[in-house]
Amino acid sequence: KGNYIHLLFSYEENLAVPALIYYPAAIAPRVVTRVTTHADLGPTVLDLLKVKHSPAEFQGESLLRNENRDLVFAYGNEGTVTAYGKDGLKLQLLKLGTCRIFDLKADPLEITALPCTGRESMQAAAKLFGTLQMPHLINLQAVTR
């Protein structure tokens, strides 16, 4: 309710973006089910084109490799840091300092927020992401305004 513009809230309809890579000479059709992020596109395309690169140069991981990280992160324009776990949990640190979790497998519409207790390591990782990324995000927002 009230979500009428893409960058207003960090709900799934704003953050979850399908991607289609069509390159039949290199990959067979498939659905990637592991947790991914936009940052995975660069290394994936480089691998498809067989361009040598160091994975350490990217925040993302090539979807052609067998890596399977535990978390990916997103930053919302409203100041929300989101961590997605490979277990289907979505943890959000809101600008107000509160934390909430949604179980996207059981509650894909994000109706019932769960308490963050018992997920301290996920919460700490989201805080660290926000702390490390904030200077870059502030600079980006200043440039785009």
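Before reading further, recall that the structure is shown in the block above.
Residues numbered from 1 in each chain as written. Predicted model: local features only at pLDDT ≥ 70, side-chain atom pairs only at ≥ 80, totals over all residues. Heavy atoms only, no water.

Draft legend 1. Fine view of the overall build of the chain. Each helix and strand in the chain was counted, giving three helices and four strands. Each helix and strand of the chain, placed in order from N terminus to C terminus, yields the pattern α-α-β-β-β-β-α. Taking contacts inside the chain between residues at least 6 apart in sequence as the whole, the part at least 24 apart equals 40%. (Helix = DSSP H or I, 4+ residues; strand = E, 2+ residues; numbered from the N terminus. Contact = heavy atoms within 4.5 Å.)

Draft legend 2. Local environment of the state of the cysteines. Using the criterion set out here, one finds one disulfide in the structure. Residue pairing for C99: its cysteine sulfur links by disulfide to C116, the two sulfurs lying 1.9 Å apart. One quick way to see it: the torsion about the S-S bond of C99 and C116 is about -90°, and its sign makes the bridge left-handed. Remark: C116 occurs in the loop between β4 (99-103) and α3 (120-144) and C99 occurs in strand β4; sequence separation between them is 17 residues. (Disulfide = S-S within 2.5 Å.)

Draft legend 3. Just the pattern of salt bridges, in detail. Summed over the entire model, instances satisfying the criterion amount to six salt bridges. Of the charged contacts, one joins R69 and E61 as a salt bridge, the two residues approaching to 3.5 Å between their closest N and O atoms. Look at R69 and you get buried, because its relative accessible area is 15%. The buried category is assigned to E61, whose relative accessible area is 19%. Ionic pairing is found between D70 and K86, a salt bridge with its closest N-O pair at 3.1 Å. Linking D70 in the loop between α2 (41-48) and β1 (71-75) with K86 in the loop between β2 (81-85) and β3 (89-93), this pair joins segments that are 16 residues apart in sequence. Look at the salt bridges and you will find they share partners, linking D40, E61 and R69 into a network. (Salt bridge = Lys/Arg side-chain N within 4 Å of Asp/Glu carboxyl O. Buried < 20%, exposed > 50% of the residue type's maximum accessible area, 1.4 Å probe, protein only.)

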